[in-house]
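# Coordinate analysis (summary)
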Amino acid sequence: MSGQPKKNLMFFAGRTHPELAEQVAKHLDVTVTPQSAYSFANGEIFVRFEESVRGCDAFVLQAHSAPINDAIMEQLIMVDALKRASAKRITVVMPFWGYARQDKKHRGREPITARLVADLFKTAGADRIMTVDLHTSQIQGFFDGPVDHLFALPVLATHIKEHYSGEDLAVVSPDSGRVRLAERWAETLGNTPLAFIHKTRDPLKPNEAVANRVVGEIQGRTCVVIDDMIDTGGTVAKAVEVLLKEGAKDVIIAATHGVLSGPAVERLSTCGAREVIFTDTLPIPDDKRFPSMTVLSIAPLLAEAIHQVFDDGSVTSLFDGNA
C-alpha cells in the first residue's frame, strides 16, 4: 500500500482575540476550525475540536492578554488536545509572549518565567513557536525548537513614512536597552538621527522609572519614540515630557504591544504625544482607545509567516533577510 504525501493546514484560535483570528484566517483563505471551549464554575478550561485533526499542520493562535494565566492555560490545553488527536506538527502562534519581561534574574531567588512558559509549551507538545517583537531576543533560546521571531517594524514604519515623510524625524529609544532596535528604525526611516533617554529604575518598584535626560540631537525635530510594549505607560509618558522640554517639535509613540494596564490610557492620552501607534497583537477594547491612538493590523504579517512555515519557505525573507 502506498500513500501520497500531502499537507493540510488547519488554523485554531483561542477565545482572547477573535477579531485577530478572523483577520488572519481571512488572509490565509481558511476558516478557524470550530471548537467547543468553555470554563467550568471553578475556572477549569475545556477544549474539544469539532473536526478531525489527524496528520494536519496545526497553527494555534492565542493572544496572551488579561487574564494572562487563563489565556496561556487555554493555549496549552489546545496544544495538548491536538497532540493527543495526532496532529502532525503544532505551531504555537503567540503574537505577545506572556511573561517575557521575566527573562533573567535581577536578584537572587527570582524566577525566569519566560523560560518556564517555553518549557510548558514544549511539554504540551508544541513543535515550534511564532511570536512578534520579543522583549529580549535571547528568549528564542528558551524554547527547544524553531522560533519564528517576527518584527512589527515594517508595519509601524510604513505608517510613519506615509504620514510624516515631509518632517525632520528623529528616532528615540526610551532606554539604552532598545538602542539596537532604534538603529534599525533610523535606517528604515532614511538614516534619521538617533537619540535615547537615560533613565533609572528601582528593581524593588515594578512599573516605575525615572527619565533623566536625552542623549542625542532632537531639537526642532518630530521624535518617534519606539518600544516593544507599553504596560502602565509611565516610562513613555515621562519620555514624551522630557523630549518636549528639551526642544522636540512633536512626539509620536510607536509600540508593538499595547498591554495598557491601570492608568496607561489616561497617561498616554494626556502626555502631549501627537499620535500613539500600536499593532493589534493584543486586543485593545473601545474603552481603552482615544482620538490620537492608531491601531494597525498585524494579521497580514502573521498570515504570511504562517504561509511560509507551511510551505517550508523563508520567514527571514519577509524582513529583507534581517530577521
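Description of the structure in this document. (Residues numbered from 1 in each chain as written. Predicted model: local features only at pLDDT ≥ 70, side-chain atom pairs only at ≥ 80, totals over all residues. Heavy atoms only, no water.)

Considering the arrangement of structural elements, one finds isoleucine 277 in strand 13 (residues 275–279). The exposure class of isoleucine 277 is buried, given its relative accessible area of 0%. Taking the C-alpha atoms as reference points, isoleucine 277 and leucine 153, separated by 124 residues in sequence, lie 12 Å from one another. Sequence-distant contacts of isoleucine 277, that is, excluding residues within four places in its chain, are made with Leu156, His159, Ile160, Ile252, Ile253, Ala254, Ala255, Thr294 and Leu296. (Helix = DSSP H or I, 4+ residues; strand = E, 2+ residues; numbered from the N terminus. Buried < 20%, exposed > 50% of the residue type's maximum accessible area, 1.4 Å probe, protein only. Contact = heavy atoms within 4.5 Å.)

One can find tyrosine 164 in helix 4 (residues 153–164). Exposure remark for tyrosine 164: the relative accessible area of 5% places this residue in the buried category. Along the sequence, tyrosine 164 and isoleucine 252 sit 88 residues apart, while their C-alpha atoms lie 9.9 Å from each other. Not counting the four nearest positions on each side in its chain, tyrosine 164 is found in contact with Leu169, Ile252, Arg274 and Glu275.

Here we come to the pairing of strand 12 (residues 250–258). With 9 of 9 residues buried, strand 12 is to be regarded as a mostly interior element. Here strand 11 (residues 222–230) runs beside strand 12; their pairing, made up of 8 bridges, is parallel. By the bridge assignment for strand 12, aspartate 227 is matched with alanine 255. At this point the chain moves from strand 11, through helix 6 (residues 234–245), to the parallel strand 12, and the crossover so formed is right-handed. As paired elements, strand 12 and strand 13 share 3 bridges and run parallel to each other. Across the sheet, residue isoleucine 252 finds its bridge partner in strand 13, namely glutamate 275. (Pairing = 2+ DSSP bridges. Right-handed = clockwise from strand over helix to strand, strands pointing away.)

Here helix 2 (residues 68–84) crosses helix 3 (residues 113–124) at 25 degrees, and the two axes come no closer than 8 Å. Between helix 2 and helix 3, the crossing angle belongs to the class labelled roughly parallel. Taken together, the residues of helix 3 that come into contact with helix 2 (itself represented by Ile72, Gln75, Leu76, Val79, Asp80 and Lys83) are Leu120, Phe121, Thr123 and Ala124. By residue class, the composition of the contact of helix 2 with helix 3 is 6 nonpolar, 2 polar and 2 charged. (Axes fitted to C-alpha atoms, helices over the stretch in contact; angles between N-to-C directions. Parallel < 35°, antiparallel > 145°, perpendicular 65-115°, else oblique. Nonpolar A, V, L, I, M, F, W, Y, C, P; charged D, E, K, R; others polar.)

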